[in-house]
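# Summary of structural features
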Amino acid sequence: MRASRAAAPERLSKGEGGAVATPTTPPLKEPSPLTAPRNRTHTGGPDRAHAWAELLRLPALFTVPGDALAGAAAVSARPTSRTLLAIASSLCLYEAGMALNDWADRDVDAVERPHRPLPSGRIRPAAALGAACALTGAGLSLAACAGRPALTVAVPLAATVWAYDLALKNTPAGPVAMATARGLDLLLGAAATAGAGVDGVGRKVGACREWATAVAEEPRVASGAATVPGAVDGIRRSLTSAADLGARTTLRSAALLGIRQALPSAVLLGAHTLAVTAVSRREAQGGSPLAPFAALAATAALTRTVIRQRSRATDQSDGIRRGPGSRRLTDLTDLGAAAMSRLSHPPRQTGDHMPPPRPGPEPLDTHAALRLALAAAYAATTARPYLHATLNPSPPLTQRAVTAGIRATIPLQAALTARSGAKGATVTALLTTALAPLAGRFARKVSVT
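Predicted model only: the values in this text are computed from it and were never measured.

A tally of regular secondary structure across the protein gives 18 helices and two strands. Relative to its full complement of 449 residues, the protein shows a buried share of 39%. A separation threshold of at least 6 residues defines the contact pool for the protein, and within that pool the share at least 24 residues apart is 79%. Accessible area of the protein: about 24700 Å², with a carbon and sulfur share of 64%.

Spelled out as structure tokens, the structure:
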């Protein structure tokens, strides 16, 4: 529509279609700064910084740390320094995808969104592509510092981001690819946190490493009057290799166990991302109420799932570590405790007709209350915009629904963290929730979509 309106005055001035321009024709208005400044460039510092903030969609950046934090909670562990490295890696890969997205859509944005940084000329396409490459390299490097399991997840995550922006975005597989990327981002935090006891090159930090260091400091062993340093060196190398092999086995087992525990949370977060991405495909044109309605139904289903208590994946993993007889031992312990309780509190005599004491109110479960509040916040953030976009799928309402879906990622991440029931999950969930006001504050200055 913008192209046809802009071409009409030009055809009249050339006399096409029998129309002749006259001196009484009112002059054309100056183009709005949001419509057609194709050759406009900014060299000032604040303007250039604002252009990069638009390109990278700065408010959406606050939805990233919750992925790794939810992944750490899914493996029933507190965030560690490796979790922070996973967050930094996720931030770099996310921003790489944003820059690459605008670079790949620069021709489409020139028609639908000429005010974006690339079509308006505020940022050169080569600079956006270079930023995408540099951020991808930085993200993979940070993942490597977090450990081999984190790098194993970061590589397919980066590949999914590039495949979505360059090939899959406008295909039916586009929403699935975006959902996969968000799920892998959560698994990145889980893999990095699960391998917290392993250093960056895959060696176990423990007694075997300390023993090998002690042997290296004292390589000579006396045998009578002679020494055999060569034999000791050979034994040292053999034992060090055996320790490294055992560490790699422990590393793979811990990473696989962490990823398996985090898969349910990754699937739920990916389902939310799938719904938001499906709505965003029509945000510039509108006209399709099916995607917002499906997203509304998905929000209801996710809210119901998050409110439920998480399955006992943690107990199962603990049983694997303790052995198959641990649960049987726990049952016998419970039976013994019940028997001791009966002995210490014998039943009343038959002639005693006093009524049994009434059970008191159950203590308040803080995890359940927090999970319920966060699930309600997630549903409240998305329900109304999705409903409006369903009833009137115009571009402004559709874009508002997409913005709400992106912002709702934060309370969903916090709810998944609280749902895990891990140690420190309450504090981590509250920290994740604190990112929502920051995202809303920056969204008033820079568009999320």
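Structure shown, so let's carry the discussion forward.
Glancing now at empty space enclosed by the protein. Within the structure shown, the criterion is met by one cavity of 30 Å³ or more. Estimates place the volume of the largest cavity at around 30 Å³. Lining the largest cavity are Val279, Arg282, Ser288, Ala291, Pro292, Pro393 and Thr398.

Moving on to the side chain of Glu54. Along the chain, the position of Glu54 falls in helix H2 (residues 45–56). Here His50 takes part through its side chain, which lies 2.9 Å from a polar atom of the side chain of Glu54. Each residue touching Glu54, except ones within four places of it in the same chain, is listed here: His115, Arg116, Pro117, Arg122 and Val446.

A word on the layout of surface pockets. Approximately 1100 Å³ is the volume attributed to the largest pocket. The wall of the largest pocket is formed by 42 residues, among which Asn101, Tyr164, Met178, Ser280 and Glu283 lie closest to the centre. Counting only elements with at least two residues in the lining of the largest pocket, the list comes to helix H4 (81–104), helix H5 (106–112), helix H7 (148–168), helix H8 (174–194), helix H10 (229–280) and helix H15 (395–407). Here the lining of the largest pocket gets seven residues from one element, more than from any other, and that element is H4. Along the lines of polarity and charge, the residues of the lining of the largest pocket split into 15 nonpolar, twelve polar and 15 charged.

A few words on the pattern of salt bridges. Per the stated rule, a full pass over the model turns up six salt bridges. The partner of Asp102 in a salt bridge is Arg57, with the nearest N and O atoms 3.1 Å apart. Here Asp102 is found in helix H4, whereas its partner Arg57 is found in the loop between H2 and helix H3 (65–74), with 45 residues between them in sequence. In this structure Asp102 comes out as buried when scored by relative accessible area, which is 1%. The closest approach of N and O atoms between Glu283 and Arg113, which form a salt bridge, is 2.9 Å. With Glu283 in the loop between H10 and helix H11 (290–307) and Arg113 in the loop between H5 and helix H6 (125–145), the pair connects residues that are 170 residues apart, well separated along the chain.

A few words on unusual backbone geometry. The backbone of Arg57 sits at a positive phi, close to 50°, despite the residue not being glycine. The backbone of Ser76 sits at a positive phi, close to 55°, despite the residue not being glycine. Structurally, Ser76 is set in the loop between H3 and H4.

Confidence along the protein averages 75 in pLDDT terms, with 64% of residues attaining 70 or more. The low-confidence segment residues 1–43, where pLDDT is below 50, has 29 contacts with residues more than four positions distant or belonging to other chains. Between residues 197–228, whose pLDDT stays under 50, and residues either more than four places distant or in other chains, the model counts 40 contacts.

The next thing to look at is the environment of Thr193. With respect to the helices, strands and loops of the structure, Thr193 is situated in helix H8. It is 5.5 Å that separates the C-alpha atoms of Thr193 and Thr83, two residues lying 110 residues apart in sequence. Sequence-distant contacts of Thr193, defined by excluding residues within four places in its chain, comprise Ala72, Val75, Ala77, Arg78, Thr80 and Thr83.

Reading the values: rules and limits
- Residue numbers here run from 1 along each chain, matching the order of that chain's written sequence.
- At least 70 in pLDDT is required for a residue's local features to be given in this predicted model, at least 80 for side-chain atom pairs to be given and counted, and no such filter applies to totals for whole chains, interfaces and linings, which use all residues.
- Where side-chain values are given, they derive from all heavy atoms of the structure, hydrogens and water being excluded.
- Each helix corresponds to a stretch of at least 4 residues labelled H or I by DSSP, and each strand to a stretch of at least 2 residues labelled E; elements are numbered beginning at the N terminus.
- Only protein chains enter the accessibility calculation, which uses a 1.4 Å probe. A residue is then buried if its area is under 20% of the maximum for its type, exposed if over 50%, and partly exposed in between.
- Two residues qualify as a contact provided that any one of their heavy atoms is within 4.5 Å of a heavy atom in the partner residue.
- Using the Shrake-Rupley algorithm and a 1.4 Å probe, accessible areas are obtained, with residue cover drawn only from the displayed protein chains.
- For each structure, a 1 Å grid was placed over the protein atoms alone; sets of points admitting a 1.4 Å probe that cannot get out are labelled cavities, open sets with protein on both sides within 12 Å along at least five of seven lines are labelled pockets, and lining residues have an atom within 4 Å of a point.
- Grid points are joined across faces, edges and corners, and a volume is the space filled by probe spheres set on the points.
- Whenever a nitrogen or oxygen atom comes within 3.5 Å of another N or O atom, the pair is scored as a polar contact, on the condition that within protein one atom can donate a hydrogen and the other can accept it, and that pairs from neighbouring residues in sequence are kept only if both atoms are in side chains.
- When residue character is reported, Ala, Val, Leu, Ile, Met, Phe, Trp, Tyr, Cys and Pro are called nonpolar, Asp, Glu, Lys and Arg charged, and the others, Gly included, polar.
- One speaks of a salt bridge when a side-chain nitrogen belonging to Lys or Arg is within 4 Å of a carboxyl oxygen belonging to Asp or Glu.
- A score between 0 and 100, pLDDT records how confident the predictor is in each residue.

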